[in-house]
Amino acid sequence: GMMLHSVVMAFGAGTPVVSVAYDVRNKGFMEYIGQEEFLILPEDISSELLFGKLKTLLDDNDNYRTKSAIKSEEIKRETNNYLQSILADINSKTQ
């Protein structure tokens, strides 16, 4: 995907994704989820590179999905912990 939202949604759904990093946010997200090997810089894009990365994902689909599910759960835990700390801080200030 080129648009960040399509990459985020695909990751959230456990769908293999190759990202074209037209923006620093795409690069940052792929690094955050530990999938930077599936990132293509616009100046490097070619059909061979794109199809090669897609083939790698499809050939190792189960491993990719497992790694993605583990990272997705880690992100959910981190987000939940962060939100809980905000709520605790708010509650301590309103009492």
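Residues numbered from 1 in each chain as written. Predicted model: local features only at pLDDT ≥ 70, side-chain atom pairs only at ≥ 80, totals over all residues. Heavy atoms only, no water.

### Here we look at the overall build of the protein
1) Next: For the protein, the count of helices and strands is four helices and two strands.
2) Next: Each helix and strand of the protein, ordered N terminal to C terminal, gives the series α-β-α-β-α-α.
3) Next: The C-alpha atoms of the protein give 17 Å as radius of gyration, which overshoots the globular expectation for 95 residues (12 Å, by more than 25%).
4) Next: Once the C-alpha set of the protein is aligned to its principal axes, its extents read approximately 60 × 30 × 15 Å.
5) Next: Burial status across the protein gives 26% buried among its 95 residues.
6) Next: Here the contacts in the protein between residues at least 6 apart in sequence split such that 38% fall between residues at least 24 apart.
7) Next: If the 10 positive side-chain charges of the protein are averaged to one point and the 14 negative ones to another, these points end up 5 Å apart. (Helix = DSSP H or I, 4+ residues; strand = E, 2+ residues; numbered from the N terminus. Rg over C-alpha atoms; globule rule 2.2 N^0.38 Å. Buried < 20%, exposed > 50% of the residue type's maximum accessible area, 1.4 Å probe, protein only. Contact = heavy atoms within 4.5 Å. Lys, Arg positive; Asp, Glu negative; His and termini not counted. Charge placed at Lys NZ, Arg CZ, Asp CG, Glu CD.)

### Remarks on the packing of helix α1 (residues 4-12) against helix α2 (residues 24-32)
1) Next: For the pair α1 and α2, interaxial distance at closest approach is 10 Å and the crossing angle is 15°. The angle between α1 and α2 places the two elements in the roughly parallel class. The handedness of the crossing between α1 and α2 is left-handed. Here Leu4, Val7, Val8 and Phe11 of α1 come into contact with α2, specifically with Arg25, Asn26, Phe29 and Met30.
2) Next: In the contact of α1 with α2, the residues fall into six nonpolar, one polar and one charged. (Axes fitted to C-alpha atoms, helices over the stretch in contact; angles between N-to-C directions. Parallel < 35°, antiparallel > 145°, perpendicular 65-115°, else oblique. Left-handed = near helix turned anticlockwise from the far one by under 90°. Nonpolar A, V, L, I, M, F, W, Y, C, P; charged D, E, K, R; others polar.)

### Observations regarding the nonpolar core
1) Next: Ranked by size, the top nonpolar core spans 16 residues in total, and within it Phe11, Val17, Phe29, Met30 and Ile33 carry the most contacts.
2) Next: Secondary structure elements with two or more residues in this core: α1, α2, β2 (39-40) and α4 (61-94).
3) Next: Take this core: its biggest share by element is four residues, from α1.
4) Next: Setting aside its immediate chain neighbours within four residues, Ile33 contacts Phe11, Lys71 and Ile75. (Core = buried A, V, L, I, M, F, W, Y, C linked by side-chain atoms within 4.5 Å.)

### A closer look at a nonpolar patch on the surface
1) Next: Judged by side-chain polarity, Tyr82, Leu83, Ile86, Leu87 and Ile90 come together as a nonpolar surface patch covering roughly 480 Å² of accessible area.
2) Next: Assignment of secondary structure puts Ile90 in helix α4.
3) Next: By relative accessible area, which is 45% here, Ile90 ends up partly exposed. (Patch = residues over 30% accessible without salt bridge, like charges linked within 9 Å, V, L, I, M, F, W, Y side chains within 5 Å. Areas by Shrake-Rupley, 256 points an atom, 1.4 Å probe, with all protein chains shown as cover. Salt bridge = Lys/Arg side-chain N within 4 Å of Asp/Glu carboxyl O.)

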